[in-house]
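These are the residues of each chain, in order.
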Amino acid sequence: GIFLEIEALFPEPVSSILFAQEHGITSILPAAFYQLSITSADREREVSHFFGDQQQEFSARWSHLDKDNMLRLIRGRERVHRLFLDHLRVVRSRLADAKTNPFDGCDCEGGYMDACSDELVRLGELIGSAVIEELRDVDNMDCLSLLSILEEWDAEVAICSGCSNTFRVLLCQQRTHIWGAL
């Protein structure tokens, strides 16, 4: 299937980690560990899996991961999840504050600014109920992709283009901070 072709384009994360460590190419490690952190441990990659058509998730050569790298993975995954929740709280706090501190660049004038602010507060509540409470314990959560998906949530509320742009920039900044901390 198409997914197998896409997966074939991405380096297998455990092999990437071992290669990077063996050859001192540390710049590969954050992306490889992140890819591994969003891969289910039930998905052991085998050469033969590329010939099947049931693959729907990324896989890895988990059996080649040593205990030191497994510990790095677990600690890193926990740290990324904490960072994600912290950064999402920043986003929600900024949205909740929109009532008293309107977004810069708000295109609304007069009474419409209040409506835009109300919608931003509602957007923060939507994000909170959908993400923080329900996804808190998900092991393989792809935090960076989830922040990208949330950028589209501005369509769920009636906000002006200026507030929409500010919201998207805010999420992009949070994603950049998380990536920088990897």
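Our subject is the structure listed above.
First, a word on what this report is: a plain description of the structure on this page. Keep in mind that this is a model prediction, so the values were computed, not measured.

Calculation notes
- Residues numbered from 1 in each chain as written.
- Predicted model: local features only at pLDDT ≥ 70, side-chain atom pairs only at ≥ 80, totals over all residues.
- Heavy atoms only, no water.
- Axes fitted to C-alpha atoms, helices over the stretch in contact; angles between N-to-C directions.
- Helix = DSSP H or I, 4+ residues; strand = E, 2+ residues; numbered from the N terminus.
- Parallel < 35°, antiparallel > 145°, perpendicular 65-115°, else oblique.
- Contact = heavy atoms within 4.5 Å.
- Nonpolar A, V, L, I, M, F, W, Y, C, P; charged D, E, K, R; others polar.
- Buried < 20%, exposed > 50% of the residue type's maximum accessible area, 1.4 Å probe, protein only.
- Arc of directions from axis to C-beta.
- Disulfide = S-S within 2.5 Å.
- Left-handed = near helix turned anticlockwise from the far one by under 90°.
- Core = buried A, V, L, I, M, F, W, Y, C linked by side-chain atoms within 4.5 Å.

### As for the packing of helix H3 (residues 29–37) against helix H4 (residues 67–96)
Angle between the axes and distance between the axes: these two values describe a pair of packed helices. H4 packs onto H3 with a crossing angle of 80° between their chain directions and a minimal axis gap of 10 Å. By the angle class used here, H3 and H4 are roughly perpendicular. Contact residues: H3 offers Phe33, Tyr34, Leu36 and Ser37, while H4 offers Asn69, Arg72, Leu73, Arg77 and Val80. Considered class by class, the residues forming the contact of H3 with H4 number 5 nonpolar, 2 polar and 2 charged.

### A closer look at helix H2 (residues 13–23)
Side chains that are three or four residues apart share a direction in an α-helix, a result of its 3.6 residues per turn. Among the residues of H2, those classed as buried are Pro13, Val14, Ser16, Ile17 and Ala20. Projection of H2 onto a plane perpendicular to its axis shows the buried side chains occupying an angular sector of 160°, all on one side. Residues of H2 that are buried sit in contact with H3 and H4. Phi for glycine 24, located one or two positions after H2, is positive at around 65°.

### What to know about the state of the cysteines
A complete count under the given rule lists 0 disulfides for this structure. Unpaired in this structure, cysteine 160 has its nearest cysteine sulfur neighbour in cysteine 163, at a distance of 3.6 Å. Classification of cysteine 160 by relative accessible area gives buried; the value is 11%.

### Quick notes on the packing of H4 against helix H7 (residues 161–180)
Where H4 contacts H7, the two axes come as close as 10 Å, and the packing angle between them is 160°. In this view, H4 runs roughly antiparallel relative to H7, as classed from their interaxial angle. Considering only the axes of H4 and H7, their crossing is right-handed. Every residue of H7 that contacts H4 at Val80, Leu83, Phe84, His87, Val90, Val91, Arg94 and Leu95 is listed here: Phe167, Leu170, Leu171, Gln174, His177 and Ile178. Partitioning the contact of H4 with H7 into residue classes produces 10 nonpolar, 3 polar and 1 charged.

### Remarks on the nonpolar core
In terms of nonpolar packing, the biggest core is built from 33 residues, with Phe84, Leu95, Ile127, Cys163 and Phe167 touching the most fellow members. For this core, the element with the most residues is H4, which contributes 7 residues. Ignoring any residue separated from it by four or fewer positions in sequence, one finds phenylalanine 84 in contact with Val131, Met141, Cys143, Leu146, Leu147 and Ile178. Of all hydrophobic cores here, the second largest spans 11 residues; its members include Val14, Leu29, Ala60 and Leu65.

Geometry only, nothing functional implied.
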